[in-house]
Structure formats: C-alpha cells, structure tokens
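The residues making up each chain are set out below.
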Amino acid sequence: MFITFEGIDGSGKSTQARMLADHLRSAGRDVVLTREPGGSPGAEEIRRLVLEGDPDRWSAETEILLFTAARRDHLERVIEPALKAGKVVISDRFADSTRMYQGLSRGDLRGTVDRLHQMMIGREPDLTFIIDMDPEVGLARAKGRNGTEERFEDFGADLQTRMREGFLSLAAEFPFRCRVIDGNRPPETVAGEVAAIAERALA
Ligand code: ADP
Ligand code: TYD
C-alpha cells in the first residue's frame, strides 16, 4: 500500500504523515515514512538544488527534470523495495506536487509533466490525502518555520492560492485514490479522520 500526502505549503502534510505512520506502527504494521523532494541520499542532494536560492534559479521545465530525477531515485531505491517487501509506504508529497507546482505555476506544463511521469515513474499512489487549507494560513505557518528551503514559499500567496485550487481539481480528476481532508482543525482531529480512511483502505 502506497499512501501520499499532498497540499499547499504549511497545510500540515508532514505532521499528518508522521501521525499516520505512528498510528499504523502501533497497530503492528511495518511502515516506511518518507518525503519528496528527497527520501533517498541522491534525491536529498537534488532537494537542496531545488528548494534553496532565488525563485528564478530554475525554469519550470528544468524543475520538471530535477524533481523527476529525484523521484526516480527515490522510487528505485526506497519506495519499490519497501512495497515489494510488503511494507506500507507513506510519502510526504509525490508526483501530484509536480503536476501542480511545475505543471501550473508558470504556464501550462501539465502535459509535459504527465508525459515524463509516464515514461520515468509510471506509478500512482493507492491512496492520496489532500490536506486542504486556507493559503494565507498555510503560508504563514510555512514561513513560521524560518528555514532555508523557501524557494517556493517566496513565490508568494498568489501561487499558494492557485496551488490550492489545483489540488482540489486534482481530487476531482483522480476520485478513486484522492481524499480531501479539511486541515483547518486541530491536528488530532485531522489525524483521526485520516487514520479511519487509511484503516478502511488497508482492510
Ligand atoms: P507541511 O508539511 O504541509 O508544510 P507541517 O506539518 O510542517 O506542514 O505544518 C506546518 C506548521 O503548522 C508546523 O509548525 C506545524 O506544527 C503546524 N501545524 C500542523 N498541523 C496543524 C494544525 N492542524 N493546526 C495548527 N497547526 C498545525
Ligand atoms: P516540502 O518540503 O513538502 O515543503 P512544505 O513543508 O512547505 O510543504 O516541499 C518543498 C517545496 O517543494 C514545496 O514548496 C513544493 C515543492 N515541490 C515542487 O515544486 N514539486 C515537486 O514535485 C515536489 C515534490 C515539491
């Protein structure tokens, strides 16, 4: 079972991915918790290239290649071996993030993202939680972390607003695997809903 968390920056994906991993582990399941961009040593090196520096450091086209290269390494070395071993893999972001951030942020490149995905990745999650969140609140939370990985946050509130709308349309595009979760609630409430859906899917 391959589970992903998607949504805008600061929506609570990392928090929820961790809480679901803890929940499933305490129920006796073997869980691999991972993230993108990154998740394998090579992909973590690419992560630094894409998340640090000026917003205009890379074009959207170059980013598609970098994120897909990182994903391919992550898939080969971490995700596929774990799934083959019967583990539950939970990833904080996956290909839907490229469909949104690179596919929609600077013109319509969704077709390019999808073609490269089909050629080089070719796998979709079994279950995707889209954590829905007010873009201003999400951006304030993400900025509150005060890190160095702010390239996408520095694109500003307008990008976050468009990404939120994009994620909601994505849920309508892939209704079998996507569940929209209201992230404007206490973390434990959100986690309870997420755990119930994951348990049903695993059963
Ligand atoms: P993301 O991975 O989507 O960027 P995080 O899980 O890192 O989001 O959360 C961003 C910030 O918001 C963190 O400081 C986290 O503690 C806080 N946070 C996460 N979920 C909630 C929630 N449901 N309510 C309030 N704050 C939250
Ligand atoms: P992440 O570490 O999940 O940031 P946050 O916790 O703020 O949500 O992801 C970092 C940034 O990378 C985020 O702004 C979205 C961007 N991103 C892409 O643009 N394309 C991708 O394919 C992925 C996986 C992430």
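**A short note on the packing of aromatic side chains**
Aromatic ring pairs are defined here through the distance separating the ring centres and the angle between the ring planes.
And step 1. Evaluation of the coordinates by the stated rule reveals six aromatic pairs.
And step 2. Their ring planes at 85° and their centres at 4.9 Å tell us that Phe 2 and Phe 94 sit as a pair that is edge-to-face. Residue Phe 2 is located in strand S1 (residues 2–6), and its partner Phe 94 is located in the loop between strand S3 (88–92) and helix H4 (95–104); the two are separated by 92 residues in the primary sequence.
And step 3. Ring geometry for Phe 152 and Phe 155: centres 5.6 Å apart, planes at 40°, overall tilted.
And step 4. Judged by relative accessible area, which is 29%, Phe 155 ranks as partly exposed.
And step 5. Among the aromatic side chains, those forming a connected cluster through ring pairs are Phe 67, Tyr 101, Phe 152, Phe 155 and Phe 167.
And step 6. Over the ring of Phe 174 we find Arg 177; its NZ or CZ atom is 4.4 Å from the centre of that ring.

**A few points about the sheet that holds S3**
And step 1. If you walk across this open sheet you meet the five strands as S2-S3-S1-S4-S5, and the pairing is parallel. With one partner strand each, in any of the chains shown, strand S2 (31–35) and strand S5 (178–182) form the two edges of the open sheet. Averaged over all adjacent pairs, the angle separating strand axes in this sheet is 20°, with direction ignored.
And step 2. Bridge count for S1 against strand S4 (residues 127–132) is four bridges, and the pairing is parallel. Note on S4: the bridge partner recorded for Glu 6 is Ile 130.

**Examining the pairing of S4**
And step 1. Counting buried positions along S4 gives six out of six residues, so the element sits mostly inside the fold.
And step 2. Judged by which residues are buried, S4 turns out to be covered on both faces: Leu 127, Phe 129 and Ile 131 on one side and Thr 128, Ile 130 and Asp 132 on the other are all buried.
And step 3. With five bridges joining them, S4 and S5 adopt parallel strand pairing. The residue bridging Asp 132 from the neighbouring strand is Asp 182, located in S5.

**Concerning the site of ligand 1**
And step 1. Gly 10, Lys 13, Ser 14, Thr 15 and Arg 185 are the nearest of the 13 residues found near ligand 1.
And step 2. Ser 14 is positioned such that a nitrogen or oxygen atom in its side chain is 2.5 Å from an oxygen atom of ligand 1.
And step 3. Between ligand 1 and the protein, one listed contact pairs an oxygen atom with a side-chain N or O atom of Thr 15 at 2.5 Å.
And step 4. Taken atom by atom, the bulk of ligand 1 overlaps the largest pocket.

**Side note on the layout of surface pockets**
And step 1. By volume, the largest pocket is sized at about 740 Å³.
And step 2. Lining the largest pocket are 34 residues; nearest its centre among them are Asp 9, Ser 14, Arg 47, Arg 93 and Arg 145.
And step 3. Taken together, the elements giving at least two residues each to the lining of the largest pocket come down to helix H1 (13–26), S2, helix H2 (41–51), helix H3 (60–84), H4 and helix H6 (135–144).
And step 4. Class assignment of the residues belonging to the lining of the largest pocket gives a composition of nine nonpolar, eleven polar and 14 charged.

Criteria and thresholds
Residues numbered from 1 in each chain as written. Chains lettered and ligands numbered in written order. Predicted model: local features only at pLDDT ≥ 70, side-chain atom pairs only at ≥ 80, totals over all residues. Heavy atoms only, no water. Phe/Tyr/Trp six-rings, centres within 6.5 Å; stacked < 30°, edge-to-face > 60°. Helix = DSSP H or I, 4+ residues; strand = E, 2+ residues; numbered from the N terminus. Buried < 20%, exposed > 50% of the residue type's maximum accessible area, 1.4 Å probe, protein only. Lys NZ or Arg CZ within 6 Å of the ring centre and 35° of its normal. Pairing = 2+ DSSP bridges. Axes fitted to C-alpha atoms, helices over the stretch in contact; angles between N-to-C directions. Near = heavy atom within 4 Å. Polar contact = N/O pair within 3.5 Å; in protein donor to acceptor, adjacent residues only side chain to side chain. 1 Å grid on protein atoms, 1.4 Å probe; cavity = no way out; pocket = protein on both sides within 12 Å on 5 of 7 lines; lining within 4 Å. Sits in = over half its atoms within 2 Å of the grid points. Points joined across faces, edges and corners; volume = space filled by probe spheres on them. Nonpolar A, V, L, I, M, F, W, Y, C, P; charged D, E, K, R; others polar.

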